[in-house]
Amino acid sequence: MRIVPVSLGNRSYVIKIGDGLLSRLGAECARLKLGQRCAVITDSNVGKKYAAAALKSLAASGLEPVLISIPAGEKSKRIAVVEKCYDRLAAHRLERKSFIVALGGGVVGDLAGFVAATYLRGIPFVQVPTTLLAQVDSSVGGKTGVNLRAGKNLVGAFYQPQLVLCDLDTLQTLPEREYVSGLAEVIKYGIICDAVLFAQLERNLPKLLKRDVSVLRDVVARCCEIKADVVGQDETEGGLRAILNFGHTIGHAIENSSGYGRFLHGEAIAIGQVAAAKLSHKILSLPSGDVERVEKLLVRAGLPAKIKLNAAQRKKLFTAMKLDKKVSDGEVKFVLAEKIGKVVWGRKVSLPLIDEVLPQSGHGNPPK
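Note that this is a predicted model, so its numbers are computed, not measured.

To continue, consider the overall build of the protein chain. Of the regular secondary structure elements, the protein chain holds 13 helices and 11 strands. A globule of 368 residues ought to have a C-alpha radius of gyration of about 21 Å, and the protein chain, at 20 Å, matches this closely. Each principal axis of the C-alpha distribution contributes one length, and for the protein chain these read about 60 × 40 × 40 Å. Residues classed as buried in the protein chain amount to 56% of the 368 residues present.

Following this line, the structure appears as structure tokens:
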């Protein structure tokens, strides 16, 4: 097992990474003394596979869990579903000395974390991410939230978990498309912070695609180390933490403008990363060879690199982009790369230049 600390003073916690960890969930929660009564929030897909094991582990440690299941998919990440969770928590008499377990991918983690942050003005929660994307990214750092029609994650809170438990065994049952989607965030860490990691991903991608546990353990741990270090320096995204958004300005706009769920998060972010690399070449002289390496690695991983948009779709995309959280004073701001392993944030980019790097044609549909 690998243990990665997230150092945030009295909000510090650890990320535990290994196989077979779900059976230890109850013991870990009992050790943290979070309370006796708890709720496991999961979705209709993950619940079928892992809810029974989670509930059994919690009950075996003397805890009193109740299961709350939401429909699977990005469309559940909305206020109406949050309200239903509140009602279930109240019906089961969860109190301030109770806690929530988020069992699932990024949607479940974001929503359950937001529920925990706001129910009774905040009760503890534990992240048990079951997708690659959630293990390396969304479960770490305390960003919680839900979507509005106007944009992604526009309602939320910074609220840290008490523990992140990454059971690598759960990755073995992920559908291929979901697993590959997570590789977009893995590749992002190499681009923004670690050229050595990026080169390792280029070499070890075949093993990673086969879900080799020894490779996965090291990769997930390294991604978590990078994110923990960034979050430890800038918890609420006042500066440095913005580097984690490489590719996300365009990526989030793609998710919003195409209708949540058509593109998986990682697919949209992959397209956004290629566009950001091309912008980096134009604005910061990122070597063309680095742009090619970024695009090639994403494509080798099975991710889309381009999107086909007609005039109406482009207009909708730019409207969504201007509503992104990273827009300031009406200017669209980007994270751009000087080279693989080093980025800068807060760079203003004109809409015509963004339009240039979004070609008129390309792979317009998400993978099947």
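After presenting the structure, the write-up continues.
Our next topic: unusual backbone geometry. Non-glycine residue Lys-33 carries a positive phi angle of around 55 degrees. The topology assignment puts Lys-33 in the loop between helix H1 (25-32) and strand S3 (37-43). On the basis of relative accessible area, Lys-33 is assigned to the exposed category, the value being 74%. The backbone of Ser-285 sits at a positive phi, close to 60 degrees, despite the residue not being glycine. Mapped onto the secondary structure, Ser-285 falls in the loop between helix H10 (265-284) and helix H11 (288-300).

A few words on the nonpolar core. Counting residues in each nonpolar core, the largest one holds 58 residues, and the members touching the most others are Ile-15, Ile-17 and Leu-132. The leading source of residues in this core is helix H8 (residues 213-233), at 11 residues. In this view, Ile-17 contacts Met-1, Arg-2, Val-4, Cys-166, Leu-168, Arg-217, Val-220, Ala-221 and Cys-224; residues no more than four positions away in its chain are not counted. In terms of nonpolar packing, the next biggest core, distinct from the first, is built from 24 residues, Ala-268, Phe-318, Val-344 and Ile-354 among them.

So, on to helix H12 (residues 311-322). Helix length check: H12, at 12 residues, gives a terminal C-alpha distance of 17 Å against a target of 16 Å (1.5 Å per residue), a fit within 8%. Among the residues of H12, those classed as buried are Arg-314, Leu-317, Phe-318, Ala-320 and Met-321. Taken down its axis, H12 places every buried residue within 160 degrees of arc, on the same side. Pointing more than 90 degrees away from the buried face of H12 are the exposed residues Ala-312, Lys-315 and Lys-316.

Summed over all chains, the structure comprises zero disulfides. No disulfide involves Cys-193; its sulfur sits 11 Å from that of Cys-223, the nearest cysteine. For Cys-224, which is in no disulfide, the shortest distance to another cysteine sulfur is to Cys-166 and amounts to 5.0 Å. Assessed through its relative accessible area of 0%, Cys-224 is described here as buried.

Applying the stated criterion to the full structure yields two aromatic pairs. Seen in terms of ring centroids, Tyr-86 and Tyr-119 are 6.4 Å apart; in terms of plane orientation they differ by 20 degrees. Their pairing is stacked. Separated by 33 residues along the polypeptide, Tyr-86 in helix H3 (residues 79-91) and Tyr-119 in the loop between helix H4 (106-118) and strand S6 (125-129) bring together distant segments of the chain. Tyr-119 gets classed as buried once you look at its relative accessible area, which sits at 10%. With 6.0 Å between their ring centres and 10 degrees between their planes, Phe-125 and Tyr-159 make a pair best called stacked. Placement of Phe-125 in strand S6 and of Tyr-159 in the loop between strand S8 (151-158) and strand S9 (163-167) is noted, with a sequence separation of 34 residues between them. We note Lys-188 situated over the ring of Tyr-189; from NZ or CZ to the ring centre the distance is 4.7 Å. Stacked on the ring of Tyr-179, the Lys or Arg Arg-211 has its end atom at 4.4 Å from the ring centre.

If you walk through the whole model with that rule in mind, you get 24 salt bridges. Between Lys-227 and Asp-137 there is a salt bridge, with its nearest N and O atoms 3.4 Å apart. Of this pair, Lys-227 sits in helix H8 while Asp-137 sits in helix H5 (residues 132-138), placing them 90 residues apart in sequence. Overall, Lys-227 belongs to the buried group, its relative accessible area being 6%. A relative accessible area of 9% places Asp-137 in the buried class. For Asp-355, the salt bridge identified is with Arg-314, shortest N-O distance 2.9 Å. Taken together, the residues Asp-355 in helix H13 (residues 351-357) and Arg-314 in helix H12 connect sequence positions 41 residues apart. Taking the relative accessible area as the measure of exposure, Arg-314 reaches 8% and is therefore buried. Put simply, Arg-2, Asp-194, Asp-218, Arg-222 and Glu-225 are held in one network by salt bridges that share partners.

Reading the values: rules and limits
Residues numbered from 1 in each chain as written. Predicted model: local features only at pLDDT ≥ 70, side-chain atom pairs only at ≥ 80, totals over all residues. Heavy atoms only, no water. Helix = DSSP H or I, 4+ residues; strand = E, 2+ residues; numbered from the N terminus. Rg over C-alpha atoms; globule rule 2.2 N^0.38 Å. Buried < 20%, exposed > 50% of the residue type's maximum accessible area, 1.4 Å probe, protein only. Core = buried A, V, L, I, M, F, W, Y, C linked by side-chain atoms within 4.5 Å. Contact = heavy atoms within 4.5 Å. Expected span 1.5 Å × (residues − 1). Arc of directions from axis to C-beta. Disulfide = S-S within 2.5 Å. Phe/Tyr/Trp six-rings, centres within 6.5 Å; stacked < 30°, edge-to-face > 60°. Lys NZ or Arg CZ within 6 Å of the ring centre and 35° of its normal. Salt bridge = Lys/Arg side-chain N within 4 Å of Asp/Glu carboxyl O.

Honestly, it's all geometry; don't read function into it.
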